[in-house]
Amino acid sequence: MRVTIHRGTHQIGGCVTEIEHERYKVFIDFGIPLPGSGGDKLFPIEGLTTGDVSRSALFISHYHGDHIGNVCEVSNELPVFIGKTAYQIYESLEKRLSHIPDLEQAEVHRSIARRMQSFRTFTPLDTLEIGTISVTPLMVDHSAIDAYMFLIQAGGTRLLHTGDFRLHGFRGRALPNVIRRYAQNIDYVITEGTNINRPKAANLNEHTLQKYFKEEFRKHKYNFVVISTTNIDRIFAIYHAASESNRHFICDNYQKKIIQLISNSPEWTSPLYRTPTRIYTPGKTSDKKMFFSERLTRLLNRDGFCMLVRAGDMFKEFMNRYDDSNESAVYYSMYRGYLDKGHPSYNRQLEQFLSHRNPIYMHTSGHCDIKSLDKVLNLIKPKRGIIPIHTEYPEKFTEIFGKIAPIILLDDKETLNCTVHD
């Protein structure tokens, strides 16, 4: 077995990993780099973007753009595998973005939606064979629902690629048992290290964050939450916090579609995803203003509400109606970097949307913290090495985790021979 990290050894996002054995190739993720990380364009990759793809396959760990966004650059003949729910969510997102005003970007999203028509979905724990390589998806908790690790086996070598994961989410506590049962006797681990230099990035778990939302909703009558529509677990948590606080729940039709996609699925049976009984959606006037019926407006003003919002004039105009109320509050439930003018991820539209609203920060990381990573690596105990990716500080692995297993620091495009000789 040979491993090549084509991109991601010294950056967060945009990672591309290749596992090769006897001319068969499995690639894991092919995303767009995050702003400011560099490396926007890769040279042609044999078996992925060029050449013979008949012995290759691409596996997508989850639907975030920095893991799937470059999928249109792969050969049309290349099999692309993704989780079933992840497929549904990403397809819905790309179809929606196909109608944005920016015609050039809309065409990009239409291209992705077309390419997705040939995607194949996998089931957790069901092993797929790509020639001499076997791939077993193991579900993890992440800020994207239906995210996966991959157990890769070939020629007697067992390798675990973690993808993005965490233990402090609603489903995170299941991962240690999954590792004990399915990811033992591992030779190499390729692991994310997003928070290796951010000790406070995950100082809250999702259960505690939900409790804080409930407390805030009880204090404030009119609540507006800025959140990513694809952060499914957080949205369901906010819904339940609003319901338990006797606040009505409002979102737009697209957000409602995503919520119902999960709550109606037989694959997601946790009480967290139970079918919401009260979701209100606004209408839209010809001049793109939000409105509710007179009866519903009286109901919302009487009982209060929680509304999911995004940067945009339609949401802004509706929020302005409550600016003078001392019973209203705005919450920011996303990464802080989007609001930091000095950060590469700065989003000017979002910052201006919130500039005069003094939002309450209510967020926790979608990635594992150092303590969780230490726990997971100690559970796996890889025999031959730990390979850091999805991190800007790979050298810190040697300092923090070097006692668990040898730390193998690679550069982009560097190949490691992982063949195990008994």
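Everything below is about the structure printed above this text.
Residues numbered from 1 in each chain as written. Predicted model: local features only at pLDDT ≥ 70, side-chain atom pairs only at ≥ 80, totals over all residues. Heavy atoms only, no water.

1. Description of the sheet that holds strand E12 (residues 222-226)
As a general point, the strands of a sheet are linked pairwise by backbone hydrogen bonds and lie either parallel or antiparallel. The line we're drawing: DSSP calls a pair of strands paired once it identifies at least 2 bridges connecting them. Helix and strand definitions here come from DSSP, where helices need a minimum of 4 consecutive H or I residues and strands a minimum of 2 consecutive E residues; each element is numbered from the N-terminal end. Any two residues whose heavy atoms approach within 4.5 Å at even a single point are treated as in contact. Every axis corresponds to a line fitted to the C-alpha atoms, with the helix fit spanning only the stretch in contact, and the corresponding angles, defined between N-to-C directions, vary from 0 to 180 degrees.
Strand order in the open sheet formed by five strands is E13-E16-E12-E17-E18, with parallel pairing between adjacent strands. Two strands lie at the open edges of the sheet, namely strand E13 (248-250) and strand E18 (360-361), each paired on one side alone. Alignment of E12 against strand E17 (residues 328-332), held across five bridges, turns out to be parallel. Looking across to E17, one finds that Phe224 is bridged to Val330. The strands that helix H8 (residues 294-303) touches are E12, E13 and strand E16 (305-309); relative to E13, the one it contacts most, it runs at about 120°.

2. Some points on the nonpolar core
Here is the rule: What is meant by a nonpolar core is a set of buried Ala, Val, Leu, Ile, Met, Phe, Trp, Tyr and Cys residues, joined one to another through side-chain atoms within 4.5 Å. Any residue under 20% of the maximum accessible area for its type is buried, any over 50% is exposed, and the rest in between are partly exposed; the area is computed with a 1.4 Å probe on protein chains only.
With 58 residues, the main nonpolar core has Leu58 and Phe249 as its most contacted residues. Top contributing element to this core by residue count: helix H6 (residues 232-244), with eight residues. Core analysis: the next-biggest nonpolar cluster, separate from the first, contains 28 residues, Ile133, Tyr148, Ile152 and Leu410 among them.

3. Looking at H8
Quick note on the threshold: By definition, the arc is the one covered by directions from the helix axis to the C-beta atoms.
Within H8, the full set of buried residues consists of Leu296, Leu299 and Leu300. Buried residues of H8 fall within an arc of 95° about the axis and therefore sit on the same side. The outward face of H8, more than 90 degrees from its buried face, is lined by the exposed residues Glu294, Arg298 and Arg302. Backbone geometry just downstream of H8 places Gly304 in the positive-phi region, at approximately 85°.

4. Remarks on the packing of helix H2 (residues 84-97) against helix H7 (residues 253-263)
Here is the rule we go by: Reported orientations rely on four angle classes, namely roughly parallel under 35 degrees, roughly antiparallel over 145, roughly perpendicular from 65 to 115, and oblique for the rest. Handedness of a helix crossing follows the sense of rotation of the near helix relative to the far helix, less than a right angle counterclockwise being left-handed and clockwise being right-handed.
Running from N to C, H2 and H7 point in directions that differ by 165°, and their axes come no closer than 11 Å. Taken together, the axis directions place H2 and H7 in an arrangement best described as roughly antiparallel. Considering how the two elements wind past one another, H2 and H7 form a crossing that is right-handed. Of H7, the residues touching H2 (which contributes Thr85, Gln88, Ile89, Ser92, Leu93 and Arg96) are Tyr254, Lys257, Ile258, Leu261 and Ile262.

5. So, the sheet that holds strand E20 (residues 415-417)
Sheet architecture is open: seven strands sit in the order E6-E5-E4-E3-E2-E1-E20, paired in mixed fashion. A single partner strand is all that each edge strand has here, and the edge strands are strand E6 (120-122) and E20. For this sheet, the mean angle separating the axes of adjacent strands, direction not counted, is 25°. Inspection of the sheet shows strand E1 (residues 2-7) paired to strand E2 (residues 16-21) by five bridges, in the antiparallel sense. Paired with Ile5 across the bridge in E2 is Thr17. Sitting on the sheet, H2 is in contact with strand E5 (80-83) and E6, with an inclination near 100° to E5.

By themselves, these figures tell us nothing about what the structure is for.
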